[in-house]
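Single-letter residue listing:
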Amino acid sequence: MVVYHKESSNLQIIKEFSIDYHFSELHYNIVKSSITVFINEVLYRVVKEEEANPQLFEFLYNAIQFLDITDGNINNFHLMFLVKLSQFLGFYPSGIFSEKTPYFDMMEGGFKAEVPLHSYCLNEEESKILGELKLLPFDKSDLIKLTSLQRNVMIDNLLAFYKLHIPNFSEIKSREVLKVVFS
C-alpha cells in the first residue's frame, strides 16, 4: 500500500494498493467457504490484539492460502486450525498423547496419566485424535480418519477448550453450518 499521512491530520489517504494473493476456490467451493466462515467467526471472537503480531499473521496467511489451493481432503482442516491457533493464543496443548498419558485435561491444557477429578477431560479416543491433530501439518490432515460423529465431537471439545481459556468466548454460530456440510 502507498499511504499519504500528515502529522496534523487523523485522515490518511490510500494512493494505491495491490493484492498479494488472489484466492481461487474459497468463494466457489461450498466446503471451503463454510470452513472460512467458521474460521472468520472464531478469529473475530479470539483475536483482540491492537499490536502487530507477525507470527500470527504468517500462520493465518499460510493456513488460509493452503485451504484455498489444496485439492486434498479438508474434512479435518477446521479441527487442525483450532489446535494450531491455540499456540498463538497461549493455551496450546502441552505434552503428547501416549499409553502413559492417554487423557487430555482441558483445564490444565495437557495430556495426563489419569482422569482428573473434574469433567473437562477428553477420553482416550478423543485425546488420541487431539494428539494427532497437534502433531501433523495441514497437508497431512487427511491421514486422520474420522467419522462425522467423531468430527462433531472433536469440534465441540475444541470449542469447549477455547471457552475454558478465553474469557467471554461465546457460541460459534457457524459451527452448525459445518455440522451440516460434513454430515
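A short tour of the structure in this document, coming up. (Residues numbered from 1 in each chain as written. Predicted model: local features only at pLDDT ≥ 70, side-chain atom pairs only at ≥ 80, totals over all residues. Heavy atoms only, no water.)

**Remarks on the overall build of the chain**
In plain terms, the rule: Under the DSSP-based scheme used, a helix requires at least four consecutive residues in state H or I and a strand at least two consecutive residues in state E, with every element numbered from the N terminus. In this scheme, a residue with accessible area under 20% of its type's maximum is buried, one over 50% is exposed, and one in between is partly exposed, where area comes from a 1.4 Å probe on protein chains only. Note on definitions: a residue-residue contact is assigned when non-hydrogen atoms from the two residues lie within 4.5 Å. Only the protein chains shown count as covering a residue, and every accessible area follows the Shrake-Rupley method with a 1.4 Å probe.
Within the chain, the regular secondary structure consists of 6 helices and 5 strands. The secondary structure elements of the chain, listed N-terminal to C-terminal, are β-β-α-α-α-β-β-β-α-α-α. Among the 183 residues that make up the chain, the fraction classed as buried is 40%. Put simply, 62% of the contacts in the chain that link residues at least 6 apart link residues at least 24 apart. When the accessible surface of the chain is split by element, carbon and sulfur atoms take 55% of a total near 11400 Å².

**Let's talk about a nonpolar patch on the surface**
How we decide: Exposure above 30% relative accessible area and no salt bridge define the residues that can form patches, which grow by joining like charges within 9 Å and nonpolar side chains of Val, Leu, Ile, Met, Phe, Trp and Tyr within 5 Å. Salt bridge, as used here: a side-chain nitrogen of Lys or Arg that lies within 4 Å of a carboxyl oxygen of Asp or Glu.
Together, I14, F17 and I19 give the surface a local cluster of nonpolar side chains, amounting to about 360 Å² of exposed area. Residue placement: I19 occurs in the loop between β2 (13–16) and α1 (30–46). Residue I19 is classed as exposed on the basis of its relative accessible area of 61%.

**Details of the packing of aromatic side chains**
What counts, and what does not: For Phe, Tyr and Trp, rings pair up if their centres lie within 6.5 Å, where Trp contributes its six-membered ring, and each pair is then called stacked (planes under 30 degrees apart), edge-to-face (over 60) or tilted (otherwise). Lysine NZ or arginine CZ positioned within 6 Å of the ring centre and within 35 degrees of the ring normal marks a charge as sitting over the ring.
Going through the model one piece at a time under the given rule, you end up with 14 aromatic pairs. Following the ring pairs from residue to residue traces out a cluster consisting of F91, F97, F104, F111, F161, Y162 and F169. Taking NZ or CZ as reference, K48 lies 5.6 Å from the ring centre of Y44, over its face. Positioned over the ring face of F182 is R151, at 5.7 Å from the centre of the ring.

**As for the packing of helix α2 (residues 54–69) against helix α3 (residues 77–89)**
Formally: Axis definition: a line fitted to C-alpha atoms, over the contacting stretch in the case of helices. Angles run 0 to 180 degrees between N-to-C directions. Here the word oblique covers every angle except those under 35 degrees (roughly parallel), over 145 (roughly antiparallel) and from 65 to 115 (roughly perpendicular).
Viewed as axis vectors pointing N to C, α2 and α3 meet at an angle of 170°, and their least axial separation amounts to 11 Å. The pairing of α2 with α3 is recorded here as roughly antiparallel in orientation. Every residue of α3 that contacts α2 at Q55, L56, F59, L60, A63, F66 and L67 is listed here: F77, F81, K84, L85 and F88.

**What about the nonpolar core?**
Using the following cut-off: What we call a nonpolar core is a set of buried Ala, Val, Leu, Ile, Met, Phe, Trp, Tyr and Cys residues that are connected through their side-chain atoms within 4.5 Å.
In this structure, F38, F77, F81, L85 and Y162 are the most contacted members of the largest nonpolar core, which totals 43 residues. For this core, the secondary-structure elements that each account for two or more residues are α1, α2, α3, α4 (124–135) and α5 (148–165). No other element matches the 7 residues that α3 contributes to this core. When residues no more than four places from it in sequence are discounted, the contact partners of F77 are I35, I39, A63, F66, L67 and F138.

**Some thoughts on the side chain of R175**
Assignment of secondary structure puts R175 in helix α6 (residues 175–181). If sequence neighbours within four positions are ignored, R175 has contacts with F38, N152, I155, D156 and L159.

**Let's talk about the sheet that holds strand β5 (residues 121–122)**
Our working rule: Two strands are said to pair when DSSP picks up at least two bridges between them.
An order of β4-β3-β5 is seen for the 3 strands of this open sheet, with the pairing classed as antiparallel. Two strands close off the open sheet at either side, each with one partner strand: β4 (110–112) and β5. Relative to β5, strand β3 (residues 103–105) is paired through 2 bridges, and the arrangement is antiparallel. By the bridge assignment for β5, F104 is matched with L122.

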